[in-house]
Structures are given as structure tokens and as C-alpha cells.
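# Structure assessment
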Protein chains: 2
Amino acid sequence: MRLMMFVVFLGCWEVGMADTLADAPGTASAPTYAVWPIGWVRKDGERTSIEIEPRYQPALLGLEAGARIWVLYWFDRHDTPEQRAILLVHPRGDPANPLRGVFATRAPVRPNLIALSRCQVLAVRGTAIEIDGIDAFAGTPVLDLKPE
Amino acid sequence: MRLMMFVVFLGCWEVGMADTLADAPGTASAPTYAVWPIGWVRKDGERTSIEIEPRYQPALLGLEAGARIWVLYWFDRHDTPEQRAILLVHPRGDPANPLRGVFATRAPVRPNLIALSRCQVLAVRGTAIEIDGIDAFAGTPVLDLKPE
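On a predicted model such as this, the values are computed, not experimentally measured, just so you know.

Calculation criteria
- Residues numbered from 1 in each chain as written.
- Chains lettered and ligands numbered in written order.
- Predicted model: local features only at pLDDT ≥ 70, side-chain atom pairs only at ≥ 80, totals over all residues.
- Heavy atoms only, no water.
- Least-squares fit on C-alpha atoms with pLDDT ≥ 70 in both.
- Contact = heavy atoms within 4.5 Å.
- Phe/Tyr/Trp six-rings, centres within 6.5 Å; stacked < 30°, edge-to-face > 60°.
- Lys NZ or Arg CZ within 6 Å of the ring centre and 35° of its normal.
- Pairing = 2+ DSSP bridges.
- Helix = DSSP H or I, 4+ residues; strand = E, 2+ residues; numbered from the N terminus.
- Axes fitted to C-alpha atoms, helices over the stretch in contact; angles between N-to-C directions.
- Salt bridge = Lys/Arg side-chain N within 4 Å of Asp/Glu carboxyl O.
- Buried < 20%, exposed > 50% of the residue type's maximum accessible area, 1.4 Å probe, protein only.
- Buried area = accessible area lost by both parts, 1.4 Å probe.
- Polar contact = N/O pair within 3.5 Å; in protein donor to acceptor, adjacent residues only side chain to side chain.
- Nonpolar A, V, L, I, M, F, W, Y, C, P; charged D, E, K, R; others polar.
- pLDDT = per-residue confidence, 0-100.

## Notes on the relation of the copies chain B and chain A
In screw terms, the move from chain B to chain A is a rotation of 180° and a rise of 0.0 Å along the axis, fitting with an RMSD of 0.0 Å. One copy is carried onto the other by what is essentially a two-fold rotation axis. If distances are taken from each C-alpha of chain B to the rotation axis, the shortest is found for B:Ala34, at 2.4 Å. Interface residue correspondence from chain B to chain A reaches 100%, placing this contact among same-surface, isologous pairings.

Laid out in C-alpha cells, this is it:
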């Protein structure tokens, strides 16, 4: 998510509101789904870990040091209707880069603010999964973990 | 998602309700986030494509044939509170396989029903992205696309 520091949104297109009412999110034709944190990114000096909510600890059974996992997390610092309506960005925030659609970039603004990082598990201790690092701020909500 | 046909849930643990009320999803301490389809999986004979909602078409700018992308989609056939509470599964539904936590498997039941597949883009025509295939049913809601 350090990426966000370099992303400047110039000339972005936004979703028109008037012409999308019929299939706006939450209507019958466009359902919405609720997701919630199953844990949080923690940083402690050089150490990075994912602290799992205690009620989800059983879901870690079999996850071991050395595993490579996908961490899905939420770009919570961009969680505004305006940023979720941005469809075009200048990659890396450089106006010299031609506009690209957000689905052709890893920009942290997009309709669904799901981020994806591959990490290596260094240790699992109770509800704490120590990882080799992640490009996300401390306190970032984590949505899912999957083996690679 | 063909995987779901092989997944039988025996001896699964579920999230206790009584002891999680304080930090249940949707409370102040555990926020929920809304996600919604940005498109849908389509199958037409041998062809597989992702049909993007028309209002999101600008977000495809720069996505071209040959690209390898991550497709994030929703395991909509498992979207019940009961299935979202399953934390342990027998991998591949085989009781001979020891129970594993869902975060150590790719099982289509998990707290947040987000699926992840890597696909190759064969063509982009308007709102239709033809891909080489995806292990998801026709009609599956797609949440996000990202370059690999």
C-alpha cells in the first residue's frame, strides 16, 4: 500500500450516477456482499505479522512456517464512494504515464478495494502469523488467507 | 468452483455465536465492507468470458490479449451464514484427509467467500473479456481483475 503514496489521480473518470441507478450496487440486479476482517496487519519493529481474530484461530490448522500464502486485504484508506468510483488512473501517479483502467493496474483505488499480496509464513504462534513482509500499513484489515 | 462438488464437510467446527457477540461482524470493533459484482462469468460452448458491467468498461483501458490476470470472484453458491462459519474441512472432501483450517486450503467455504484464479486474456471486445478458462460456474459474480 506504499503504492498509494505515489498514486495521484488526475483526469480520472468516475462512474456516472444518473445512468447507473437501475443496476447500482445493492439493487436486485446488482447484489452486494458483506466481507469483514478476519485479522489485521501488525508491525513491530522489523517484524510483520497478521493477527487473526481469536474466533478464527481454528481456520489456521495446517498453516505452517515456510508456506507461501496469498493475503487478501482491504484498502481501507481508500474506502470512500469517490475513490471507489475511480476507473482510470495514471500508473504510479505519474501524469506522464498514459491513463489506464484500474482493472489493468494494481492501483489501490478500484470498485472493490481488495488487495492481494503473496507472503511467506515465518512462524505461526497462536493467533499471530509472522510473515516476511507486506506492502500494507499496520492496522490494515485482512480478509482472507489462501495457500499459493 | 468444480472443487465444491468434491468438498464434503464432516466434523467441521463452526464459529461459536455466544462468545463472539462483542466483535461480531458489523459491530464497531469489527466493521463490514460491501463488495459487489463488477461483472459475471459467461460460458458459451467452449468459450469462457467475463462480461463486465457496462458502467465499468472504462476500467478495462489497457487490458489486452495475452495479459495474465488475477480474477477475484465470489463463491456465491456457498453464501449462507452456515457455510461462512465453517473453519475446518477435509481437503477435497475426503474424510481420509485430516481436517485442515480453511485458511490453509482453497476450499470454497470460508468467512469471506472470495475466490482467486489466474487466467490469460485471449481477447477484449467491448465489455467482454475472453479468457482461457476459469474454475467457476457460469453466472458467477466477479469482484475484481488485476494484472499478474
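## Topic: the packing of aromatic side chains
Throughout the structure, instances matching the rule amount to seven aromatic pairs over all chains. Considering the side-chain rings of A:Tyr73 and A:Phe75, the 6.0 Å spacing of their centres and the 70° angle between planes classify their relative orientation as edge-to-face. The ring of B:Phe137 is capped by B:Arg77, whose NZ or CZ atom sits 3.8 Å from the centre of that ring.

## Digging into the sheet that holds strand 9 (residues 141-147) of chain A
Residue and element names in this part refer to chain A. Judged by pairing direction, the barrel is antiparallel, and its six strands sit side by side in the order 2-3-8-7-4-9 before closing back on the first. Going from strand to strand, the sheet's axes swing by 50° on average, the running direction of each strand aside. Alignment of strand 2 (residues 39-44) against strand 9, held across two bridges, turns out to be antiparallel. Considered in strand 9, the bridge of Trp 40 is made with Pro 141.

## Observations regarding the sheet that holds strand 7 (residues 114-125) of chain B
If you trace the six strands once around the closed barrel, you get 2-3-8-7-4-9 (chain B), paired in antiparallel fashion. Mean inter-strand twist for the sheet, computed between neighbouring axes without regard to direction, equals 50°.

## Thoughts on the pattern of salt bridges
Residue and element names in this part refer to chain A. A complete count under the given rule lists 16 salt bridges over all chains for this structure. For Arg 118, the salt bridge identified is with Glu 148, shortest N-O distance 2.5 Å. Of this pair, Arg 118 sits in strand 7 (residues 114-125) while Glu 148 sits in the segment after strand 9, and the two are 30 residues apart along the sequence. Shared partners join several salt bridges into a network, and the residues in it are Arg 47, Arg 125 and Glu 130.

## Brief notes about the environment of A:Arg55
All names here are of chain A. Structurally, Arg 55 can be placed in the loop between strand 3 (47-52) and strand 4 (68-74). The exposure class assigned to Arg 55 is buried, which follows from its relative accessible area of 11%. Sequence separation of Arg 55 and Thr 127 is 72 residues, and the distance between their C-alpha atoms is 9.4 Å.

## Section: the interface of chain B and chain A
The interface of chain B with chain A comprises 52 residues on the first partner and 52 residues on the second. Between chain B and chain A, roughly 5100 Å² of surface is buried when both sides are summed, and carbon and sulfur atoms account for 66% of that area. Three residues, B:Tyr33, B:Arg55 and B:Phe103, lead the burial of chain B against chain A; their summed loss comes to 17% of the area buried on that side. Our count for the chain B to chain A interface comes out at two salt bridges. Where chain B meets chain A, there are 24 residue pairs in polar contact (both at pLDDT 80 or more). Taken together, the elements giving at least two residues each to the side of chain B that touches chain A come down to strand 1 (33-35), strand 4 (68-74), strand 6 (100-101), strand 7 and strand 9 (141-147) of chain B. Of the residues that constitute the side of chain B that touches chain A, the class distribution is 34 nonpolar, seven polar and eleven charged. Sheet topology note: the strand 1 (residues 33-35) of chain A/strand 1 of chain B ladder contains three bridges and is antiparallel. Bridge pairing in strand 1 of chain B links A:Ala34 to B:Ala34.

## Focus: the confidence of the model for chain A
Residue and element names in this part refer to chain A. Mean pLDDT for chain A: 87, with 80% of residues reaching 70 or above. Segment residues 1-22: pLDDT under 50, and 51 contacts once partners within four positions in sequence are set aside and those in other chains are kept. Taken over the whole predicted complex, pTM reads 0.86, whereas the ipTM for its chain interfaces reads 0.86.

## What about the pairing of strand 4 of chain A?
Residues and elements named next belong to chain A. For strand 4, a buried count of six out of seven residues is recorded, marking the element as mostly surrounded by other parts of the structure. Looking at chain direction, strand 4 and strand 7 are connected through seven bridges and run antiparallel. Bridged to Leu 72 within strand 7 is Leu 116. In terms of strand pairing, strand 4 meets strand 9 through five bridges, oriented antiparallel. Looking across to strand 9, one finds that Val 71 is bridged to Leu 145.

## Let's talk about the environment of B:Thr105
Along the polypeptide, B:Thr105 turns up in the loop between strand 6 and strand 7. Using a relative accessible area of 8% as the deciding quantity, one classes B:Thr105 as buried. Between the alpha carbons of B:Thr105 and B:Ala85 there is a distance of 15 Å; along the sequence they are 20 residues apart. Apart from the residues lying within four places of it in its own chain, the contact partners of B:Thr105 are A:Lys146, A:Pro147, B:Val89, B:Pro91, B:Arg100 and B:Arg110.

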